[in-house]
Structures are given as C-alpha cells and as structure tokens.
Amino acid sequence: MTRYADIPKPIRSGLVVVDPDTGAPRRIIVLQFNPDTLERSIAPQSAGDGGHAGGGGTGSGDRNEALRLKGPAQETWKFTAEIDATDQLEIAAPDGIHPQLATLEMLVQPTTAQLRAASKLSQKGTIEISPIEMPLTLFTWGSKRVMPVRLTELSVNESAFDVNLNPIRASLSIGMKILTVSDLPAGHRGADLYMAHLAQKERLAAAARGGGLGALGLGGVGLMTGRG
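Residues numbered from 1 in each chain as written. Predicted model: local features only at pLDDT ≥ 70, side-chain atom pairs only at ≥ 80, totals over all residues. Heavy atoms only, no water.

1. Digging into the overall build of the protein chain
In terms of regular secondary structure, the protein chain is built from four helices and seven strands. Overall, the protein chain shows an N-to-C arrangement of helices and strands of β-β-β-β-α-α-β-β-β-α-α. Considering the protein chain as a whole, with its 228 residues, one finds that 25% of them fall into the buried category. Taking the contacts inside the protein chain whose residues are at least 6 apart along the sequence as the reference set, 61% of them involve residues at least 24 apart. (Helix = DSSP H or I, 4+ residues; strand = E, 2+ residues; numbered from the N terminus. Buried < 20%, exposed > 50% of the residue type's maximum accessible area, 1.4 Å probe, protein only. Contact = heavy atoms within 4.5 Å.)

And the structure:
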C-alpha cells in the first residue's frame, strides 16, 4: 500500500532576488501554489525587419538579412499566482497576506533609502541622476528553467479579508520579460545566467528525437535541390 511519505513532494516555482556582485541570494520568494498554466511569447529579433523588398514583392526588409538574427529572441511569460492565508491556518498571520503582497510589490519599487539618496543628489544640484537600479531577479520553474527576469506586470485581485480588513486571499497576474545578453551589460551576472539558461535549451533540443522526411511525404533529393 502506498504511504503518504512515498509521494514525492512537488517542487515549487518562485523568484530569487540575487546580489549581482556576489551571486548570493538576498531573498527567496516561494509561490504558495504552482500556477496551473504558463503563457509564453517568443519574438525573434530578425535583422531584416523593416524596409521594402523591392522587385514588386510584398515582403519587407533586406533579402540578404532574411535569415539573420540581431540577437536572442525576446521572451515574455505570464501566469496567475494564488495566495491564500486560509490554506495555512497553522501559520500565524496577524497581517493577513500583506507581507507576501508587499514582498512581490517591492520587486518593482525602489526603496525609501534609494529615493532619499536620489533626492539628496537633486538638492545638491546634480544635473543628471542615474535611474535607480533594481536587484537582479531570477524566476525558477524547476531545475531546467532558471532565468533572469524583469517584472513587467503585477496585477492584484484581493478577494477575501479578515475582520481588520487585512487581505487573506488574492490572485496575482504576473508578467515577466526574460533578460538576455542584449539587455544586460557585458560581464553582468544576469548575462551569465541567461547564457546558462540558453545552454540548457540547447541541451534539451539536442535530446529531442528527430523525424524523417518520409513522414512528411517528402523526398530528400527533391527537397534539397528544390525540384519536385
């Protein structure tokens, strides 16, 4: 008879805030429930985008650039995460799920210290103040998907509250953009992590079983020569 102890514990997805200099995790955010679905969009960065094909064609771009890429594809992820304090009654939650929500919101907010520092520079007459740099954030979905990201969307739908009006249940729509070597400066730890993520994709693609031209109703010689 199967015992509960024999059932593998599911791996949770989450976010890791990393020190870009040392690589040490500053904060680990484990999602309470793994999202049921993931929406991924991958847009290739084609070198031949834009312009006119010429010769009466309807295409766009330089013909010599049609198969060239300017850099890594731009990939975005979207998913819905759930937070529910009533599913963790053994854990005291005097503030409801305020702490969990605040932790996620601080991924897209500068700190008060950073804002005060920028304000002091402005008061001293600094003409140009550099934008505030946020910490490096990684999204993890199992061991085969660990990638640097920037949150592009965070929409919160609070659906239940305690007697003190603290939220105790919420649904979050989270959008992320994967940061590539085109987005980060050379030598940045995030760029190295993206390269490791891309190398993982290459290993997985190499492990895929290839098909045969016969299954497509094509002959090898005719396909390569362009002759029927």
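2. Quick look at the environment of Leu 193
Within the secondary structure layout, Leu 193 lies in helix 3 (residues 189-207). By relative accessible area, which is 26% here, Leu 193 ends up partly exposed. On a C-alpha basis, the gap between Leu 193 and Leu 179 in space is 9.5 Å, while along the polypeptide they are 14 residues apart. Apart from residues no more than four positions distant in its own chain, Leu 193 is found in contact with Leu 136, Leu 138, Val 146 and Pro 148.

3. So, the layout of surface pockets
The gaps of empty space that remain are located by a probe, the size of a water molecule, rolled over the atoms. Roughly 380 Å³ of internal volume is contained in the largest pocket. Surrounding the largest pocket, 16 residues form its lining, Met 134, Pro 135, Arg 150, Leu 179 and Leu 184 being those nearest its centre. For the lining of the largest pocket, the elements supplying multiple residues, two or more each, are strand 5 (136-140) and strand 6 (146-161). By residue number, the principal contributor to the lining of the largest pocket is strand 6, which donates three residues. Tallied by class, residues from the lining of the largest pocket come to eleven nonpolar, two polar and three charged. (1 Å grid on protein atoms, 1.4 Å probe; cavity = no way out; pocket = protein on both sides within 12 Å on 5 of 7 lines; lining within 4 Å. Points joined across faces, edges and corners; volume = space filled by probe spheres on them. Nonpolar A, V, L, I, M, F, W, Y, C, P; charged D, E, K, R; others polar.)

4. A few points about helix 3
Relative to the 27 Å expected for 19 residues at 1.5 Å per residue, helix 3 spans 28 Å between its end C-alpha atoms, a close match to the ideal helical length. For helix 3, every residue scored as buried is listed here: Gly 190, Ala 191, Tyr 194, His 197 and Gln 200. Looking at the buried positions of helix 3, the neighbouring elements they touch are strand 4 (69-84), strand 5, strand 6 and strand 7 (167-178). (Expected span 1.5 Å × (residues − 1).)

5. Structural notes on the nonpolar core
Ranked by size, the top nonpolar core spans 25 residues in total, and within it Leu 15, Phe 139 and Met 176 carry the most contacts. Among the elements of the structure, strand 1 (14-18), strand 4, helix 1 (98-105), strand 6 and strand 7 are those that each provide at least two residues to this core. Examining the composition of this core, we find that six residues originate from one element, strand 7, more than from any other. Discounting chain neighbours no more than four positions away, the residues touching Phe 139 are Gly 14, Leu 15, Trp 77, Phe 79, Arg 145, Val 146, Met 147, Val 149 and Met 176. (Core = buried A, V, L, I, M, F, W, Y, C linked by side-chain atoms within 4.5 Å.)

6. Some details on a nonpolar patch on the surface
A cluster of nonpolar side chains, namely Leu 213, Leu 216 and Leu 218, defines an oily patch on the protein surface of about 260 Å² accessible area. The residue Leu 213 is located in the loop between helix 3 and helix 4 (220-225) in this model. Note on Leu 213: relative accessible area 31%, which makes it partly exposed. (Patch = residues over 30% accessible without salt bridge, like charges linked within 9 Å, V, L, I, M, F, W, Y side chains within 5 Å. Areas by Shrake-Rupley, 256 points an atom, 1.4 Å probe, with all protein chains shown as cover. Salt bridge = Lys/Arg side-chain N within 4 Å of Asp/Glu carboxyl O.)

7. Looking at the side chain of Gln 74
As for its position among the elements, Gln 74 is in strand 4. At 2.7 Å, the side chain of Gln 74 and the side chain of Lys 177 are in polar contact. Contacts of Gln 74, omitting those with residues within four sequence positions, involve Ser 41, Ile 42, Ala 43, Gln 45, Lys 177, Thr 180 and Asp 183. (Polar contact = N/O pair within 3.5 Å; in protein donor to acceptor, adjacent residues only side chain to side chain.)

8. Some words on the pattern of salt bridges
A full pass over the atoms with the stated rule returns five salt bridges. Two residues, Asp 183 and Lys 177, come together in a salt bridge whose shortest N-O distance is 2.8 Å. Residue Asp 183 is classed as partly exposed on the basis of its relative accessible area of 34%. Judged by relative accessible area, which is 12%, Lys 177 ranks as buried.

On their own, these measurements won't tell you what the molecule is for.
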